[in-house]
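# Chain and residue survey
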Amino acid sequence: IIKSVAAFIDRQQIATVSERVHPRSLFGIESSFVEDNPNKVQEYSKDKNIDPLKQIKIFTNHKAGKAGRGRWYIVDRNVIAKEKHVYINKWKVIVSSANSAGQKRDWQLEIIDNMSAVGRVRVILGSFDTKLEATNFFRYVNTYLIRFMFLMTGDALRSLGKKVPDLQDYSANQNLLDFTKDINDQLYELIGLKSDEIQYVEKKIKDIDASRSK
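None of these values were measured; they are calculated from a predicted model.

Conventions adopted
Residues numbered from 1 in each chain as written. Predicted model: local features only at pLDDT ≥ 70, side-chain atom pairs only at ≥ 80, totals over all residues. Heavy atoms only, no water. Core = buried A, V, L, I, M, F, W, Y, C linked by side-chain atoms within 4.5 Å. Buried < 20%, exposed > 50% of the residue type's maximum accessible area, 1.4 Å probe, protein only. Helix = DSSP H or I, 4+ residues; strand = E, 2+ residues; numbered from the N terminus. Contact = heavy atoms within 4.5 Å. Salt bridge = Lys/Arg side-chain N within 4 Å of Asp/Glu carboxyl O. Polar contact = N/O pair within 3.5 Å; in protein donor to acceptor, adjacent residues only side chain to side chain. Phe/Tyr/Trp six-rings, centres within 6.5 Å; stacked < 30°, edge-to-face > 60°. Lys NZ or Arg CZ within 6 Å of the ring centre and 35° of its normal. Pairing = 2+ DSSP bridges. Arc of directions from axis to C-beta.

### A look at the nonpolar core
Ranked by internal contacts, the top residues of the largest apolar core, which has 37 residues, are F137, Y140, L145 and F150. Every element with two or more residues in this core is listed here: α1 (2-12), β4 (91-96), β7 (122-128), α4 (131-141), α5 (144-150), α6 (183-191) and α7 (195-212). Ranked by residue count, the leading element in this core is α5, at five residues. The contacts of Y140, once residues within four sequence positions are left out, are I146, P165, D166, L167, Y170, L177, I183 and L187. Ranked by size, the runner-up nonpolar core spans 20 residues in total, among them F27, V41, F59 and I112.

### Side note on the pattern of salt bridges
In total, this model carries nine salt bridges according to the counting rule given. Across the pair D166 and R20 runs a salt bridge, and its minimum N-O distance is 3.0 Å. Here D166, found in the loop between α5 and α6, pairs with R20, found in the loop between α1 and α2 (33-36); they are 146 residues apart in sequence, far enough to count as distant. With a relative accessible area of 17%, R20 lands in the buried category. Here K206 ties to E202 by a salt bridge, and the two come within 3.9 Å at their closest N and O atoms. Placement of the pair is K206 and E202 together in helix α7, with a separation of four residues, close to one helical turn. The exposure class of K206 is partly exposed, given its relative accessible area of 44%.

### Quick word on the side chain of T153
Of note, T153 is situated in the loop between α5 and α6. For T153, a relative accessible area of 10% translates into the label buried. A distance of 3.2 Å separates a polar side-chain atom of T153 from the backbone oxygen of F150. Only 3.4 Å separates the side chain of T153 from the backbone oxygen of S159, close enough to count as a polar contact.

### A short note on the packing of aromatic side chains
By the definition in use, this model includes seven aromatic pairs. The interplanar angle of 45° and the centroid separation of 5.1 Å between the aromatic rings of F128 and F137 together place this pair among those described as tilted. Members of the aromatic cluster, connected to one another through ring pairs, are F128, F137, Y140, Y170 and F179. In this structure, K57 is placed above the aromatic ring of Y44, and the distance from its NZ or CZ to the ring centre is 5.2 Å. The positively charged end of K57 is found above the aromatic ring belonging to W72, 5.3 Å away from the centroid.

### Some remarks on unusual backbone geometry
Its identity is not glycine, yet Q13 carries a phi of approximately 55°, on the positive side. The topology assignment puts Q13 in the loop between α1 and α2. For Q168, which is not glycine, the phi torsion reads 75° and is therefore positive. With respect to the secondary-structure elements, Q168 resides in the loop between α5 and α6. Residue Q168 is classed as partly exposed on the basis of its relative accessible area, which comes to 45%.

### Let's talk about the sheet that holds strand β6 (residues 116-118)
Read from one edge to the other, the open sheet built from four strands follows the order β1-β3-β2-β6, with strand pairing classed as mixed. The open sheet has two edge strands, β1 (42-43) and β6, and neither has a second partner. When strand β2 (residues 55-61) meets β6, the two strands line up parallel, connected through three bridges. Residue pairing for β6: K57 is matched across the bridge by S116.

### So, α4
Looking at α4, one finds that the buried residues are E133, A134, N136, F137, Y140 and V141. The buried side chains of α4 occupy one side of the element, clustering within an arc of 165° when seen end-on. Buried-residue contacts for α4 involve β4, β5 (110-112), β7, α5 and α6.

Below, the structure written as structure tokens:
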């Protein structure tokens, strides 16, 4: 299976998702940020209005260390260095930064909007100009085969996505996949997996999901 995916990457002359992943330090929000700056944050809730010209949302731990839990806060835009605002203004797909290859933690994959930033508690797998591109990428990395390929590297962040093909174009013009249809079956055909390989991939992911739901 790994060889088939590698051959697909070579055949299509595409990169891997690892080259799209942003560093955890991108926004400069350390784990102790909330504790160190209580006067700069307010807890976010859906009923609170945000001034997009002056404020943003950040997702970070409420305190440093193992006791810290990720929460959403509202902060002024000037908390983030101005040169990083270009990334705030993009739609982003994020995942937990703990045990990044996926073997030992909940997948915790989600889309965040174009007025948000994250601390070290999350890793940005990809950033996009439009919500559609982020949604298509989200659906792509949630497929059985792509989740399986994330498992084929270690837990270190430097390995995240190194064997996962990056289609690079996640717009409606993507010529390899039709995002309006089932992506799993299309990927199996593109990669050329046999029925027993497909069964193996899906069983592996379903077993992981079942163990997490216990």
